[in-house]
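If you want the building blocks of each chain, they are given just below.
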Amino acid sequence: MKVTVAKALGTCFGVQDAIDLALDDSLRDDLTIIGELVHNPQTVNRLREAGVRMVRSLDEDIDTKNVMITAHGAPVSLRQNAEAKGYKVFDATCPLVMRVHKAVATFLRDGYHPVVIGQVDHVEVRGIVGDLDDYTVVLDESDLEKLIGKKKIGIVSQSTQPIDRVLQLVRLIEASFPDAEVDFQDTVCKPTKDRQVAVRELAAMVDLMIVVGGFNSSNTKKLKQVSEDLGVKAYHIDKASLLKPEMFEGHHHVGITAGTSTPYEVILEVYEEILNLPGVELSECSGPPPRETFPGKEAEEEEFV
Ligand code: SF4
């Protein structure tokens, strides 16, 4: 059996920077993260072991001087409320999420009704629309009727949505409301696009895909979906111990990919576990990128510097 690792996979620079900030020595034992920093159980455990606290909202009991906004971002009002309560706020919002906030602000300034393509309950989307009075979140065709009567429609996307699906919905909105002025800012981030392109390329080569990431990570779920849509059997696992020899029975070429919150170490464990599975005979393998080049910060930041 051949094993090939996707060209782009795992933790993006936005998540990595946020983790690095949370683990900074200057904040040791005195930091509370508002919300889940990453949708990945191993990283969450690592942060807890390092003394980092986590709460769902500012309303919970917080016994540290410092609080942190995650890479997913938050409404400005959350930051203001935290400061009003006396906390020092560390903002780890990814610059590519900030770009979505700015695009929405520009649409509002120019008189557009803001539309976010994404999941209404996702923390990033809640951060984008949290301070807005009038907006629409669109996930599929059934949401389009909410746009009836809008004269100017300004569309952005949650940064981790599949770009093909986003473009399809934009075209549908344009076709459904021919009298409206429709503008679209592509805010799907480059790391997400890179991982989606890489999983497509890999799916064309393999007959089995192992998708690694937290079960609550939406972009990891999308990677599995892309594989299945291309006719490749896919398993979503969040740790190497979930691999079973029978998953590989009858398959000749296995691909490994991982969402933007999956740490390098977990990918490596999965890769090594596959190499060591009983009864799995390897004919060729391409491994993960070297640790020192992961997560490819320069290339990923290129689009906004
Ligand atoms: S997935 Fe994209 S937008 Fe989100 S933290 Fe990573 S780089 Fe930033």
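Shown above is the structure to which this text applies.
Residues numbered from 1 in each chain as written. Predicted model: local features only at pLDDT ≥ 70, side-chain atom pairs only at ≥ 80, totals over all residues. Heavy atoms only, no water.

Student: Would you explain the nonpolar core in this entry?
Tutor: Nonpolar side chains in soluble globular proteins generally cluster together in the buried interior. Ranked by size, the top nonpolar core spans 35 residues in total, and within it Met209, Ile210, Phe248 and Ile274 carry the most contacts. Of all the secondary structure elements, the ones that give two or more residues to this core are strand 1 (2–5), helix 7 (190–203), strand 10 (208–212), helix 8 (218–229), strand 11 (233–237), strand 12 (253–258) and helix 9 (264–276). Non-local contacts of isoleucine 210, meaning those with residues more than four positions away in its chain, are made with Tyr235, Ile237, Leu243, Phe248, Val254, Gly255, Ile256, Thr257, Val270 and Ile274. Formed by 23 residues, the second largest nonpolar core is a distinct cluster that contains Ile19, Ala22, Leu37 and Ala92. (Core = buried A, V, L, I, M, F, W, Y, C linked by side-chain atoms within 4.5 Å. Buried < 20%, exposed > 50% of the residue type's maximum accessible area, 1.4 Å probe, protein only. Helix = DSSP H or I, 4+ residues; strand = E, 2+ residues; numbered from the N terminus. Contact = heavy atoms within 4.5 Å.)

Student: I'm lost on the site of the ligand in this one. Help?
Tutor: Around the ligand sit 13 residues in total, of which Cys12, Cys94, Ser159, Cys189 and Pro191 are the nearest. Within the residue set of the shell around the ligand, elements represented by two or more residues are helix 1 (13–22), helix 4 (95–109) and helix 7. Here the shell around the ligand takes three residues from helix 1, the largest share from any one element. Split by residue class, the shell around the ligand holds eight nonpolar, five polar and no charged. (Near = heavy atom within 4 Å. Nonpolar A, V, L, I, M, F, W, Y, C, P; charged D, E, K, R; others polar.)

Student: Is there a simple way to think about the packing of helix 7 against helix 8 in this case?
Tutor: How two helices pack is summed up by the angle between their axes together with the distance between the axes. The contact between helix 7 and helix 8 brings their axes to 9 Å, and the two run at 30°. Considering their axes alone, helix 7 and helix 8 lie roughly parallel with respect to each other. For the element pair helix 7 and helix 8, the recorded crossing hand is right-handed. Residues Arg195, Gln196, Val199 and Arg200 of helix 7 pack against Leu223, Val226 and Ser227 of helix 8. (Axes fitted to C-alpha atoms, helices over the stretch in contact; angles between N-to-C directions. Parallel < 35°, antiparallel > 145°, perpendicular 65-115°, else oblique. Left-handed = near helix turned anticlockwise from the far one by under 90°.)

Student: Before we go on, may I ask you to explain unusual backbone geometry in this structure?
Tutor: Of all residues except glycine, most have a negative phi; of all peptide bonds, most are trans. Of note, the phi angle at aspartate 29 is positive, near 60°, even though the residue is not glycine. Note that aspartate 29 resides in the loop between helix 1 and strand 2 (31–34).

Student: Help me understand the sheet that holds strand 12, please; the structure alone is not making it clear to me.
Tutor: Hydrogen bonds between backbone atoms are what pair the strands of a sheet, whose relative direction is either parallel or antiparallel. Read from one edge to the other, the open sheet built from five strands follows the order 11-10-12-1-13, with strand pairing classed as parallel. Sheet topology places strand 11 and strand 13 (284–286) at the edges, where each strand pairs with a single neighbour. The mean inter-strand angle of the sheet, taken between neighbouring strand axes irrespective of direction, is 20°. Summarising the sheet, strand 10 and strand 11 pair through five bridges and their orientation is parallel. The residue of strand 11 that forms the bridge with valine 212 is isoleucine 237. Strands in contact with helix 7 are strand 1, strand 10 and strand 12; relative to strand 12, the strand with the most contacts, it is inclined by about 175°. (Pairing = 2+ DSSP bridges.)

Student: What is the right way to read the pattern of salt bridges from this model?
Tutor: Here the idea is simple: oppositely charged side chains can pair when their charged atoms come close. One pass over the full model with this rule turns up 17 salt bridges. Put simply, arginine 200 and aspartate 164 hold a salt bridge, and the shortest N to O gap is 3.0 Å. Placement of the pair is arginine 200 in helix 7 and aspartate 164 in helix 6 (residues 163–176), with a sequence separation of 36 residues. Exposure remark for aspartate 164: the relative accessible area of 41% places this residue in the partly exposed category. Through salt bridges with shared partners, a single network forms among Arg79, Glu83 and Asp91. (Salt bridge = Lys/Arg side-chain N within 4 Å of Asp/Glu carboxyl O.)

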